[in-house]
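# Coordinates in review
Chain by chain, the residues run as shown.
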Amino acid sequence: MTGGALVVGASQAGVQLAVSLRRAGYRGPVTLVGAENHPPYQRPPLSKAFLTGKADATTLHLRTPEFYREHGIDLVTGERVTHLEVDADGAGRARTAGGRTLPFDRLALATGARPRRLEVPGAHLDGVLHLRDLDSATRLRQRLTAGATLVVVGGGFIGLETAAVASALGAKVTVVEAAGRAMSRVVAPAVSAFFQEAHARRGVEVRLGAAVAEFLGGQGRITGVALADGTVLPAETVVVGIGVVPRTDLATDLDLACDGGVLVDACGRTSRPSIVAAGDCVAAPHPTRPGQRIRLESVPAAIAQARAAGATLAGQPQPNQEVPWFWSDQFDLKLQMAGLTDGYDRHVLRGDPGDERFSVLYYRSGSFVAIHSVNAPADYVAGRAALARGASIPPEPAADPTRSLRSLITPTAAVPAAQ
Amino acid sequence: MPRVTFLGPSGVARAVEARTGDSLMAVAVRNGIPGIVGECGGNASCATCHVYVDDAFQSRVGPPNDVEEDLLDLGVSDRRESSRLACQIALTEELDGLVVHTADERL
C-alpha cells in the first residue's frame, strides 16, 4: 500500500508525531487528521493568557500553514475519525464522520482526552461549560466580564487557573472542590494550603469538601449551584474542571490493550506494536516505578512521548526518558513542578509560603523524586536538573533557603528515609 | 515586521517574518525551526528554545534575566556567552535583521 502514515489527532502530540516522523527520515506521505475546525494550537494558554484576552487564537497556532506544506504533512481538520480498519501488517483505512476515507500503511493514535462530565441534574443547562478546546475557551471568555458570577467546580489546575483569570477580570468567583484540599492528587498539603489561602487573599472563595448536588436553572439557563449540604451558590456561569477521560474508543475498537489509557511501552508501541500512540490518550510506563503505568496529561509528556512514537513509527524505536514536568500559572503565582510525587513518604519545605516564594522537595524510600516551586524558578531548575541526572538533593540542607539548591545536587541517589 | 534569520549548526539559514511583540521562540516554533521546541509556551520553564545571539546583535538584545540564567546554566548542553532563551526575547523594529544561531537539533 502507499497510504503512508496516518496520525489520528491533531493537537500537541499529533503534530509532534508527524514532525518526528519526518525528522527520523520517514519519506512516505504523512496525514494528520483532527476533529476540530482549527489548525493545531496550544492548549495551555486556554486557561491562562488566552482567557484573559492577552493572546488571540492565531498566536496559539503550533505551526504555520507553510510548515505543514514544506514538511509534506497533509493537515486534515474538521474530520473526526470514527472507524479504523487495520490488517495484520498495520496497514488499513480510516473513515471519518464527514465520510472521508484515509488509507494508511502505518498508524499513530494521538486522540487526546475529553473533559469528565459531572453527572448531576441540570448538567446540560446553558452556561455550564467545560474548558478543553479553543471553542469552549472562546465561549467562556465572552462570559468573564466584571461583576459576572462564576462557580468553578473542581480545585485542580484547570479550575484554579480559570478562577484566577476570572477573578482578575473582576468576576465574583467561588471554587467548589469535593476533596478536602485543592490539587490533592498532585501536590503536598502545604502546597494545597498555600494556594487555597492565596486564592482567598485575592478574593476567590474556595469551598473544600463540598459536593455538587444539582445545577439549578430557569428557562434552560444556569442560575445557581446547589451543594450537598443545602447551600445554594448563585451562578451565571459554571465551569466544570474535574479532570479528563482519555479518548480510547478507536483503540478499543482495534482491541488494543487499554487500562486508564491506551497502554504503550517507552517507545510508544501499543499492544499491537505496529501501531503507536502518544499524548493524553496513553498510559505509559512510570518513569521511576517499574511495572506501573501512568497517564501524565501534560504538554511536555505529549511532546516527549510523540517524539519517541514518531521515531518508532519511522522504524527507529527510541525510548522516552524525559523527567515529567508541569507548570501552572495562577494570578502572579508560578507553580513549576518536576518529577512525580506519587507514593512520596517524606517532604521538605524550603522557604516561607507567607512570602509567596517557596519550594517543596519530595522523597520516596530515601530517593529524591520531585520538586514543586512557587515563584522560585531557580529551585525548580535545580531540582529538575538533579532528577534528569538521576542525582539527589539531601533534604536537611535543602530546607535552608539561604543555601543554593543547585550547590546541593549530589550524584548519590539515596538519602536516608524518614524514621 | 522585523525579519529574523536562524542559522542552523550545519550552516543552513532560514529567514522569517515576525510580528512586532512576538517572542523569538514563538516565531521559531510556528515556522518549525529545528532545535527550538518551546515546550512550556514561553513560561521560562524548560530551556528548549536555546539560541546563540549573533555577535553583531548581542548589545541590542541584551543579557539573560535571572531566571533565564539558571535555566541556561543547568538546562542546556553547551552554554556560551551569547546564549539566550528565545522565549525571553521580544521582537521589536529595533531588532529587524536579527541573526541567531540554533543549538542541537532535537527530534
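All residue numbers refer to position in the chain's written sequence, counted from 1. Each chain gets a letter, beginning with A, and each ligand a number, beginning with 1, in the order they are written. Given that the model is predicted, a residue must reach a pLDDT of at least 70 before its local features are reported, and side-chain atom pairs must reach 80 or more before they are shown or counted; all residues, however, enter totals for whole chains, interfaces and linings. Calculation of side-chain values draws on the structure's entire complement of heavy atoms; hydrogens and water are dropped beforehand.

### A look at the overall build of chain B
Rules: Secondary structure is summarised from DSSP: a helix means a run of H or I of at least four residues, a strand means a run of E of at least two, and numbering begins at the N terminus for each. For every residue, the accessible area (1.4 Å probe, protein chains only) is compared with the maximum for its type, and the residue is labelled buried under 20%, exposed over 50%, or partly exposed between those bounds. In this analysis, two residues are considered to be in contact whenever any of their non-hydrogen atoms come within 4.5 Å of each other. Every accessible area reported is derived by Shrake-Rupley at a probe size of 1.4 Å, with residue values counting cover from the shown protein chains alone. Counted as positive: Lys and Arg. Counted as negative: Asp and Glu. His and the chain ends are not counted at all. For the purpose of locating charges, the reference atoms are NZ of Lys, CZ of Arg, CG of Asp and CD of Glu.
Regarding its fold elements, chain B presents three helices and five strands. Listing each helix as α and each strand as β along chain B from the N terminus yields β-β-α-β-α-α-β-β. For chain B, buried positions account for 53% of its 107 residues. Restricting to contacts in chain B with at least 6 residues of sequence separation, those with at least 24 account for 60%. Accessible surface for chain B amounts to roughly 4500 Å². Of this, 47% is attributable to carbon and sulfur atoms. A distance of 6 Å separates the average location of the 9 positive side-chain charges in chain B from that of its 17 negative side-chain charges.

### Digging into the sheet that holds strand β23 (residues 333–339) of chain A
Residue and element names in this part refer to chain A. Cut-off, in case you're wondering: DSSP calls a pair of strands paired once it identifies at least 2 bridges connecting them. Interaxial angle, 0 to 180 degrees, is taken between N-to-C directions of lines fitted to C-alpha atoms, where a helix line uses only the stretch in contact.
Taken in spatial order, the five strands of this open sheet run β22-β23-β26-β25-β24, and their pairing is antiparallel. The two strands at the open ends of the sheet, each matched to only one other strand, are β22 (325–330) and β24 (346–352). The average angle at which neighbouring strand axes cross in this sheet is 15°, direction not considered. The sheet contact formed by β24 and strand β25 (residues 357–364) spans seven bridges and is antiparallel. Each residue of the ladder has a partner; that of Asp-352, found in β25, is Arg-357. The strands that helix α6 (residues 157–168) touches are β22 and β23; relative to β22, the one it contacts most, it runs at about 30°.

### Side note on the pattern of salt bridges
Residue and element names in this part refer to chain A. Our working rule: Here a salt bridge means any side-chain nitrogen of Lys or Arg lying within 4 Å of a carboxyl oxygen belonging to Asp or Glu.
Under the criterion given, the structure shown has 28 salt bridges over all chains. As a salt-bridge pair, Glu-85 and Arg-93 come within 3.7 Å of each other at their nearest N and O atoms. By relative accessible area, which is 32% here, Glu-85 ends up partly exposed. Arg-93 sits in the partly exposed class, given a relative accessible area of 38%. In this structure, the salt-bridge partner of Asp-249 is Arg-114, at a minimum N-O distance of 3.6 Å. A residue pair is termed long-range when its members are at least 10 positions apart, and Asp-249 in helix α8 (residues 249–253) and Arg-114 in strand β8 (residues 113–115) qualify at 135 residues. Salt bridges sharing common partners tie together Arg-201, Arg-202, Asp-332 and Glu-356.

### Regarding the environment of Ala-28 of chain B
All names here are of chain B. Assignment of secondary structure puts Ala-28 in helix α1 (residues 24–30). According to the relative accessible area criterion, Ala-28 is buried, its value standing at 0%. As a C-alpha pair, Ala-28 and Cys-87 span 59 residues in sequence and 9.6 Å in three-dimensional space. Here Ala-28 is in contact with Phe-6, Ile-33 and Ile-36, once residues within four sequence places are set aside.

### Points about the UniProt feature "domain: Reductase C-terminal" (unreviewed entry) in chain A
Counted only if it meets this: UniProt positions are given in the numbering used here, feature names are shortened, and annotations may be inferred rather than shown by experiment.
The UniProt feature table records "domain: Reductase C-terminal" (unreviewed entry) at residues 325–408 of chain A. This span, residues 325–408 of chain A, is 19% helix and 43% strand, and a straight line between its end C-alpha atoms measures 20 Å.

### Brief notes about the sheet that holds strand β7 (residues 106–109) of chain A
Sheets are built from strands that pair by backbone hydrogen bonding, the pairs being arranged parallel or antiparallel. All names here are of chain A. Strand order across the open sheet formed by five strands is β3-β2-β1-β7-β19, with parallel pairing between neighbours. Strand pairing shows two members of the sheet lacking a second neighbour, β3 (73–76) and β19 (275–277), which therefore form its edges. Ignoring strand direction, the axes of neighbouring strands in this sheet form an average angle of 20°. As judged from the four bridges shared by strand β2 (residues 30–33) and β3, these two strands associate in the parallel manner. Directly across from Val-33, in β3, lies its bridge partner Val-76.

### A few points about the UniProt feature "domain: FAD/NAD(P)-binding" (unreviewed entry) in chain A
UniProt's feature table lists "domain: FAD/NAD(P)-binding" (unreviewed entry) at residues 6–306 of chain A, given in the numbering used throughout. Within the segment residues 6–306 of chain A, helix and strand shares are 25% and 28% respectively, and the terminal C-alpha atoms sit 14 Å apart.

### Points about the packing of aromatic side chains
What counts here: The rule is short: rings of Phe, Tyr and Trp, with Trp giving its six-membered ring, pair when the centres are within 6.5 Å, and they are stacked under 30 degrees, edge-to-face over 60, tilted in between. Over a ring means this: the NZ of a Lys or the CZ of an Arg is within 6 Å of the ring centre and within 35 degrees of the ring normal.
All told, the structure shown has six aromatic pairs over all chains when counted by the stated rule. Aromatic pair Tyr-363 of chain A and Phe-368 of chain A: ring centres 5.7 Å apart, planes at 50°, arrangement tilted. The two residues Tyr-363 of chain A and Phe-368 of chain A agree in class, both being buried. Between the NZ or CZ atom of Arg-141 of chain A and the centre of the ring of Phe-50 of chain A, over which it lies, the distance is 4.1 Å. One residue, Arg-80 of chain B, lies across the ring of Tyr-52 of chain B, its end atom 3.9 Å from the ring centre.

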